[in-house]
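Understanding the architecture of this molecule
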Amino acid sequence: MRPSRCSSCFSSCFLAAITGREASSEARYERGLLLTNRVQSLAKALDQSMWFWIKEVDTLRHTVGLLGPDMNKISTAINRLHDTMPAFAWIGLMDSKGYVVSSTGGVLQGTDLSICAIFHQGKNGLFVGDVRRANLLGQLLPHPEEIPLKFVDISMPIDQGELKGWVIVAHLSWTWAREVEEFILSGEGSDTNTKITVLSEDGIPILGGDSTTEPLALPLLQQLENSPSAWAVEPWPDGTSYLTAAVRCSGFKDYDGLQWSVVAQQSLEAAYGPVRRLVARILVAGLALAALFALVAGYIAQRVIAPLKALSDAADKLSKGERVSIPRKQDIREIEVLSTSLSTLVDNLTRTERDRNRIQHTAERDALTGLLNRHGLAARIEEAMPDLQQHQGIVELLYMDLDGFKPVNDTYGHHVGDSVLTILGQRLSGCLRKDDVLVRLGGDEFLALLSHRNGTPDILRTVRRIRETVGAPISTEGLLLHIDISIGHATWHCTQESVEDALKRADGALYMAKKAAKDPSDAP
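All of these numbers come straight from a predicted model, not from anything done at the bench.

Each helix and strand counted, the chain has 14 helices and 17 strands in total. By the burial criterion, 47% of the 524 residues in the chain qualify as buried. Residue pairs in contact within the chain that sit at least 24 positions apart in sequence constitute 61% of those at least 6 positions apart. In the form shown here, the chain has an accessible surface area of approximately 27000 Å², with 52% of it arising from carbon and sulfur atoms.

Below, the discussion takes up the pairing of strand β12 (residues 394–403). Judged by how many residues are buried, β12 sits mostly within the fold: 8 of 10 residues are covered. Pairing between β12 and strand β17 (residues 484–493): 10 bridges, direction antiparallel. Bridge assignment links D403 to a residue of β17, and that residue is D484.

In contact at an axis separation of 6 Å, helix α11 (residues 405–412) and helix α12 (residues 414–430) are set at 145° when each is read in the N-to-C sense. Facing F405, V408, N409 and Y412 of α11, the residues of α12 in contact are H414, H415, V416, G417, V420 and L421. When the residues that make up the contact of α11 with α12 are grouped by side-chain class, the tally is 6 nonpolar, 4 polar and no charged.

Examined bridge by bridge, strand β13 (residues 437–442) and strand β14 (residues 445–451) share 5 bridges and lie antiparallel to one another. Within β14, the position partnered with R440 by the bridge is F446. Counted along the chain from β13 to the antiparallel partner β14, the turn is 2 residues long, and its residue G443 has a positive phi close to 60°.

Spatially, 4 strands are ordered β13-β14-β12-β17 in an open sheet, and the strand pairing comes out antiparallel. A strand with exactly one partner marks an edge of an open sheet, and here the two such strands are β13 and β17. Across this sheet, the average inter-strand angle for adjacent strands is 20°, counted without regard to direction. This element, α12, spans β12, β13, β14 and β17 of the sheet and lies at about 150° to β13.

Now for the environment of K253. Here K253 lies in the loop between β10 (241–248) and β11 (261–267). Of the residues examined, K253 reaches a relative accessible area of 44% and is grouped as partly exposed. Measuring from C-alpha to C-alpha, the distance between K253 and W51 comes to 7.9 Å, with 202 residues separating the pair along the chain.

Before going further, it helps to spend a moment on the packing of aromatic side chains. Enumeration according to the criterion identifies 4 aromatic pairs in this entry. Ring geometry for F52 against W53: centres 5.3 Å apart, planes inclined by 65°, an arrangement best described as edge-to-face. With a centroid separation of 6.1 Å and an interplanar angle of 80°, the aromatic rings of W236 and Y242 are classed as edge-to-face. Taking relative accessible area as the criterion, W236 reaches 9% and is therefore assigned buried. Among the aromatic side chains, those forming a connected cluster through ring pairs are F52, W53 and F88.

Right, let's get into α11. Regarding α11, the residues found buried are F405, V408 and N409. On an axial view of α11, the arc spanned by its buried residues comes to 95°, and they lie on one face. Exposed side of α11, more than 90 degrees from the buried face: K406, P407, D410 and T411 are the residues found there. Count one or two residues on from α11 and you reach G413, which has phi positive near 100°.

Pairing is possible between side chains of opposite charge, provided their charged atoms come close. Enumeration according to the criterion identifies 9 salt bridges in this entry. Here E497 makes a salt bridge to R505, at a shortest N to O gap of 2.5 Å. Several salt bridges share partner residues, and in doing so they unite D58, R61 and D159 into one network.

On to the packing of α12 against helix α13 (residues 459–471), then. Packed helices, taken two at a time, are described by the angle their axes make and the gap between the axes. Axis separation between α12 and α13 bottoms out at 10 Å; the angle between their running directions is 150°. It follows that α12 is roughly antiparallel to α13 by the angle criterion. Note that α12 runs across α13; the crossing there is right-handed. Residue-level contacts link L424, R427 and L428 of α12 to I466, T469 and V470 of α13. Split into classes, the residues belonging to the contact of α12 with α13 amount to 4 nonpolar, 1 polar and 1 charged.

What follows concerns α13. If you check α13, its first and last C-alpha atoms are 18 Å apart, about what 13 residues at 1.5 Å a residue would give, namely 18 Å. Those residues of α13 that sit buried are I459, T462, V463, I466 and V470. In a view along the axis of α13, the buried residues occupy a sector of 100°, so they form one face of it. Summarising the geometry of α13, the exposed residues directed more than 90 degrees from the buried face are L460, R461 and E468.

About the cut-offs
Residues numbered from 1 in each chain as written. Predicted model: local features only at pLDDT ≥ 70, side-chain atom pairs only at ≥ 80, totals over all residues. Heavy atoms only, no water. Helix = DSSP H or I, 4+ residues; strand = E, 2+ residues; numbered from the N terminus. Buried < 20%, exposed > 50% of the residue type's maximum accessible area, 1.4 Å probe, protein only. Contact = heavy atoms within 4.5 Å. Areas by Shrake-Rupley, 256 points an atom, 1.4 Å probe, with all protein chains shown as cover. Pairing = 2+ DSSP bridges. Axes fitted to C-alpha atoms, helices over the stretch in contact; angles between N-to-C directions. Nonpolar A, V, L, I, M, F, W, Y, C, P; charged D, E, K, R; others polar. Phe/Tyr/Trp six-rings, centres within 6.5 Å; stacked < 30°, edge-to-face > 60°. Arc of directions from axis to C-beta. Salt bridge = Lys/Arg side-chain N within 4 Å of Asp/Glu carboxyl O. Parallel < 35°, antiparallel > 145°, perpendicular 65-115°, else oblique. Left-handed = near helix turned anticlockwise from the far one by under 90°. Expected span 1.5 Å × (residues − 1).

Given below as structure tokens:
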């Protein structure tokens, strides 16, 4: 019996060792993959947030271009954006020679910044500068912290009107970065011992990490030159090895990114501790059961590797973007920990997706009326353009401006004006078809897009219905108010001209309509 018993013991140990090796390999791959997926989501959130701020500056650029050389109105628009978006530490307008002609709080006004990159690069197109120390603004802007102020520079040229060739510039303070950092870290589970660090293009920690100005020296970062992501067990500067995942920020839509990198480090005990304990338990169980019955060891090994394989398959499907149900196994504590960890990650990714959708909805909707704003209009046109071009799409544009709204707003206050805009936004929506699109361009200007996809719209009838509906008395705040509307119409052939050119024609038609309303003798 002794040779048979030794043979059974050896077979069980060999089987346990093979099982443990397979489980360890699968678990290592799974943990590295899950950590990489998480870092990819965080990098995308950073790029989407920066894209949102760039679009805010772009909206201000168009507003300033329409205002012309009226510095009082320009100053009002600049300070309004600064008050609404505190993350902008400083916003300025530079003339064609690089002198600051208008700025928030008058800071740096009259200063020659022509040698700065924000001017000579921003004059040629969108310029987004990397994180830097602020020499001038750091001395002029109040900040309670002892560390120097850091900014991201955003500048772009004004390409229309009398101010063509001037440059609008904004400094995005590190307040925004801290908010992103809190957003990133809020999704971490306290049991994962995971640390997130965001690096600049030269490898210096920006968010998270230690307070150092030295580049983070990790061999893994060199792999990002040829691949958007990578993971491995890496030795860190503190002499300890961690499971490390790194992803290069690649930008979002028309924003090319600043070549930042997001790095996550997880202690090997947190990453592989359950697997190691699991392997040890397999060996002990194999030795104990070998004396009694060798087949029992094989059965136990099969029961152990099956849930690990199920978790690995779930991780593979998750990496391909499929929605999966994470198997829960409560027989063995270590497997339960792995299963719970994967399930927690899926929940965090789902929550991140919801947050990203919420950010996008906020960016594309007018906060007062709930209608689409300029960002939302651009997104809808971008989505619909392939279908429009394929079907020779034609869209009717109605450019609308409220007559008599400013006196109401000035006389009765902004709260009454906001109530009037909300009511009229609902009325205008009711005048359009289900597939038509209504946009609030800003102030008291609206734009309606009427598609020909489901039949030719009756423009005259629609315009008449809008005039009658808007012109009906408005009862709000105990007042009975009357507002009229001017409408400019243009037909946009999407295969023949850009939407910007069509909007200019509709705006011109609106101007002629308002002029004719003031002096009927000038009507064509």
